[in-house]
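Structural overview
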Amino acid sequence: MSDATTVIVLLAAGTYCLKALGPLYFGNSRQLPVKFQEIALLLPTPLIAALVVTSTFSENNELVLDARVIGLVAAAIALWKKLPFFIVVIIAAAATALWRLAFS
Amino acid sequence: MQGNDTVRRSIRAQALSIGLAISPFGLAFGAFCTDAGISMWEALGFSALVFGGSSQFAAVSVLADDGTVIAAVTAGLLLNLRSLAFGVSMAASLKGSFLWRACISQLMIDESTAVASAQSVPEHRRYGYMWGGLSVFVLWNLTTLIGVSALSETESLIGDLGIDATIPAAFLGLIWGKLEDSTHRTIGVLGALLALILIPFAPSGIPVIAAAGAVLWAQPWKAKKGKSSE
C-alpha cells in the first residue's frame, strides 16, 4: 500500500469511530464532559492556522519565502473585504501567478 | 401540512447552498492531491471514506511534505475530534435501527450538524442532518473528482497558475470567521507561531500537531466564568 492509501484507511477508520460514537454509543443517556467539547471545538483553529503557515512557508522541512506569501496576503485582503470564498481562492492563485510571471 | 412543507423546502435550500459553498474547497482539494502526487482513486478515497474537509487537507499536506503516516493520521484525527462532540449533540435527533444510524454517522460533519442545529423539532433536525450531509457528500466528492481530473494532465501548470497558493488561502478561509472571537484569534496566532518556529527543526507534520498545544492558552481545565463548574 502506498503511504497515502495507508493514511486513508487509518484516518477513515479513526474518523468514522469519532463520528459514530455519538449516535451508536452515547445516544440520549450518556454525555461527554463539557471540557472535552470545549477543547474539541477549539482545536481546529490553531491546527488550521498552523496549516496556513506550513503550506505557505515550508518546503522540504525548510523555511522558505516565495510567491505563495503574495497569494496569502491577497487572500487575507479578499476575506477581509468579505468576498465569496470562490473569489478568494482565485485571487490568491492569480496574485501568486502574476508575481511569478513578473519576477521569475 | 403546509407549514411542514415550507420548513422542509427551506431546509433543502439551506443544505444545497452550504453544499455549493464547500464546492470550491473540493476543487482545491482535488487540485492539491494532484499537486502532492496523490492518485484520483486516493483523492476520492479521502473524500468519500474520510469525509472531513480540513482533516483531508491536513493529512495530504503532511504527506506532500514527506511527513510520516502517523503524523498525517494524527493531524487529521485531531481535527476530527469535533465530530465526536457533534455526534453526541445530534444523537438524540437521529432515530432508526443500529445499522441505519451506523450508515448515516458517516455524514457527521460541521455542515450537516449546522443545518440540523438550526431546527428545533427533532424531525426537522433529522431532515436537516440528512440533507445537509448528503448535499455536501455528493458535491464534495464530485468537485474532488473535477479538481483531480482538471489538473492531472497539466501538472506543470500548478506553479504557473498559482494553484499551490490556493491551499493556504483555503485554510485561511476555513478559520477566518472564527477569528472574530478573541479566544480563537489568540490560539490561532499561537498555533501559527508554534508551527513557524518548529518548521526548520521538526519533521513534517509535527509543527501542525504541536500547534494543538495552543489550546492550553485557553485554559480549558478551568471553569468558565458565568457557567457552573462541572
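Everything numeric here is computed off the predicted structure, so don't read it as measured data.

What follows is about the overall build of chain A. Looking only at helices and strands, chain A has five helices and two strands in total. Reading chain A from its N end, one meets helices and strands in the order α-α-α-β-β-α-α. The C-alpha atoms of chain A give 20 Å as radius of gyration, which overshoots the globular expectation for 104 residues (13 Å, by more than 25%). Seen along its three principal axes, the alpha-carbon backbone of chain A occupies a region of about 60 × 40 × 25 Å.

It is worth spelling out the overall build of chain B at this point. Check the secondary structure of chain B and you find 11 helices and zero strands. Beginning at the N terminus, the succession of helices and strands in chain B can be written as α-α-α-α-α-α-α-α-α-α-α. For chain B, the residues scored as buried account for 52% of the 230 residues in total. Taking the contacts inside chain B whose residues are at least 6 apart along the sequence as the reference set, 69% of them involve residues at least 24 apart.

With that settled, consider the nonpolar core. Leu47, Ala50, Ala75 and Ala92 of chain A together with Ala59, Ala75 and Val208 of chain B are the most contacted members of the largest nonpolar core, which has 107 residues in total. Here the element with the most residues in this core is helix H4 (residues 69–90) of chain B; it accounts for 14 residues. What Ala50 of chain A contacts, discounting residues up to four positions off in sequence, is Gly191, Ala192, Leu194, Ala195, Pro207, Val208 and Ala211 of chain B.

On to the interface of chain B and chain A. With 86 residues of chain B at the contact, the number on the chain A side is 69 residues. Element by element, the count of residues in the side of chain B that touches chain A is highest for H4 of chain B, at 18 residues. Here the side of chain B that touches chain A is built from residues that sort into 59 nonpolar, 19 polar and eight charged.

Turning our attention to the confidence of the model for chain B. Residue and element names in this part refer to chain B. Per-residue pLDDT for chain B averages 87, and the proportion of residues at 70 or more is 91%. Looking across chain B, the model is least confident in helix H8 (residues 157–160), with a mean pLDDT of 64, and most confident in helix H2 (residues 40–50), with 96. Between residues 226–230, whose pLDDT stays under 50, and residues either more than four places distant or in other chains, the model counts three contacts. Across the interface, the model reports ipTM at 0.87; the global pTM reads 0.82.

On average, residues of chain A carry a pLDDT of 89, and 99% of them reach 70 or more. When mean pLDDT is compared element by element in chain A, helix H4 (residues 68–80) of chain A scores highest at 96, while helix H2 (residues 34–42) of chain A scores lowest at 81.

What follows is about the packing of helix H5 (residues 85–103) of chain A against helix H9 (residues 166–176) of chain B. Contact geometry for H5 of chain A and H9 of chain B: axes closest at 8 Å, N-to-C directions at 145 degrees. Along this stretch, H5 of chain A crosses H9 of chain B, giving a crossing that reads as right-handed. Across from Phe85, Val88, Val89, Ala92 and Ala93 of chain A in H5 of chain A, the residues of H9 of chain B making contact are Thr166, Ala169, Ala170 and Gly173 of chain B. A breakdown of the residues in the contact of H5 of chain A with H9 of chain B according to their chemical character gives seven nonpolar, two polar and no charged.

Counting buried residues in H9 of chain B gives 10 out of 11 residues, a clear majority hidden from the surface. All buried positions along H9 of chain B are accounted for by Thr166, Ile167, Pro168, Ala169, Ala170, Phe171, Leu172, Gly173, Leu174 and Ile175 of chain B.

Thresholds applied
- Residues numbered from 1 in each chain as written.
- Chains lettered and ligands numbered in written order.
- Predicted model: local features only at pLDDT ≥ 70, side-chain atom pairs only at ≥ 80, totals over all residues.
- Helix = DSSP H or I, 4+ residues; strand = E, 2+ residues; numbered from the N terminus.
- Rg over C-alpha atoms; globule rule 2.2 N^0.38 Å.
- Buried ≥ 20, exposed ≤ 12 C-beta atoms within 10 Å, placed from the backbone.
- Contact = placed C-beta atoms within 7 Å.
- Core = buried A, V, L, I, M, F, W, Y, C linked by C-beta atoms within 7 Å.
- Nonpolar A, V, L, I, M, F, W, Y, C, P; charged D, E, K, R; others polar.
- pLDDT = per-residue confidence, 0-100.
- Axes fitted to C-alpha atoms, helices over the stretch in contact; angles between N-to-C directions.
- Left-handed = near helix turned anticlockwise from the far one by under 90°.

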